[in-house]
Every structure is written in structure tokens, then in C-alpha cells.
Amino acid sequence: MLLIPARAAGIDPDVLPQDYQRLVAIVREAAGPVTVRAVGEVLGLPVEVRGKLEPLRAKLNRLADHFHKL
């Protein structure tokens, strides 16, 4: 099962799973470019432990690839 639907023009973040919708909202609310660490802080993750951020980095990369290629 795909967590992120296939790319299509005009895709709405509402079709994404809830955790991905939250990531999109955090990035959109930022005043500029965001880091994985900054997103992790908003989510309340232990950002001082690098291994805890790697799954988040993977999700953000999937979202970036998904929306960048439209």
C-alpha cells in the first residue's frame, strides 16, 4: 500500500496520511527553509539523538520529492 498517492497536478495534502499532513503544515507555517531538526522540535522528538531524526528525514524527503516533481 502506498502511503503517499501517485503524483498528480493539483494534489491536495488532505489525501495524505495524517502524519504527512502534519509535516506539510509545519513546513508551510515556517518563515523560510526548514531543517529536519526544526521540524523534529515542533513534533517534540528528541532532536539531540540523531537516530531519532532519520525516519523523519526520510518522510520529509519523500514529501519533497513528491511535491517538487509536479
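Residues numbered from 1 in each chain as written. Predicted model: local features only at pLDDT ≥ 70, side-chain atom pairs only at ≥ 80, totals over all residues. Heavy atoms only, no water.

Draft legend 1. Here's a closer look at the overall build of the chain. Helix and strand counts for the chain stand at 3 helices and 0 strands. Counting helices and strands in the order they occur from the N terminus, the chain gives α-α-α. In the chain, buried positions account for 24% of the 70 residues. Taking contacts inside the chain between residues at least 6 apart in sequence as the whole, the part at least 24 apart equals 43%. Carbon and sulfur atoms make up 56% of the accessible area of the chain, which amounts to about 4900 Å² in all. (Helix = DSSP H or I, 4+ residues; strand = E, 2+ residues; numbered from the N terminus. Buried < 20%, exposed > 50% of the residue type's maximum accessible area, 1.4 Å probe, protein only. Contact = heavy atoms within 4.5 Å. Areas by Shrake-Rupley, 256 points an atom, 1.4 Å probe, with all protein chains shown as cover.)

Draft legend 2. Representation of the packing of helix 1 (residues 18-29) against helix 2 (residues 36-43) within the structure. Remark: helix 1 packs on helix 2, axes separated minimally by 11 Å, with the N-to-C direction vectors making an angle of 115°. With respect to their mutual orientation, helix 1 and helix 2 come out roughly perpendicular. The crossing of helix 1 and helix 2 is right-handed. Within the contact between the two elements, helix 1 uses Arg 22, Leu 23 and Ile 26 and helix 2 uses Val 39, Val 42 and Leu 43. Of the residues in the contact of helix 1 with helix 2, the class split is 5 nonpolar, no polar and 1 charged. (Axes fitted to C-alpha atoms, helices over the stretch in contact; angles between N-to-C directions. Parallel < 35°, antiparallel > 145°, perpendicular 65-115°, else oblique. Left-handed = near helix turned anticlockwise from the far one by under 90°. Nonpolar A, V, L, I, M, F, W, Y, C, P; charged D, E, K, R; others polar.)

Draft legend 3. Quick peek at the nonpolar core. Counting 12 residues, the largest nonpolar core consists of Leu 16, Tyr 20, Leu 23, Val 24, Ile 26, Val 36, Val 39, Val 47, Leu 53, Leu 56, Leu 60 and Leu 63. Listing elements by their share of this core, those giving two or more residues are helix 1, helix 2 and helix 3 (50-68). (Core = buried A, V, L, I, M, F, W, Y, C linked by side-chain atoms within 4.5 Å.)

Draft legend 4. Representation of helix 2 within the structure. Of all the residues in helix 2, the buried ones are Val 36, Val 39 and Gly 40. Down the axis of helix 2, the buried side of the element spans an arc of 100°, and every buried residue falls inside it. Positive backbone phi, approximately 80°, marks Gly 44, located one or two places after helix 2. (Arc of directions from axis to C-beta.)

Draft legend 5. Quick peek at the pattern of salt bridges. Overall, the coordinates contain 3 salt bridges when judged by the stated rule. Lys 59 is paired through a salt bridge with Asp 19; the nearest N and O atoms lie 2.5 Å apart. Pair noted here: Lys 59 is in helix 3 and Asp 19 is in helix 1, with a separation of 40 residues, a long-range link. Taking relative accessible area as the criterion, Asp 19 reaches 35% and is therefore assigned partly exposed. (Salt bridge = Lys/Arg side-chain N within 4 Å of Asp/Glu carboxyl O.)

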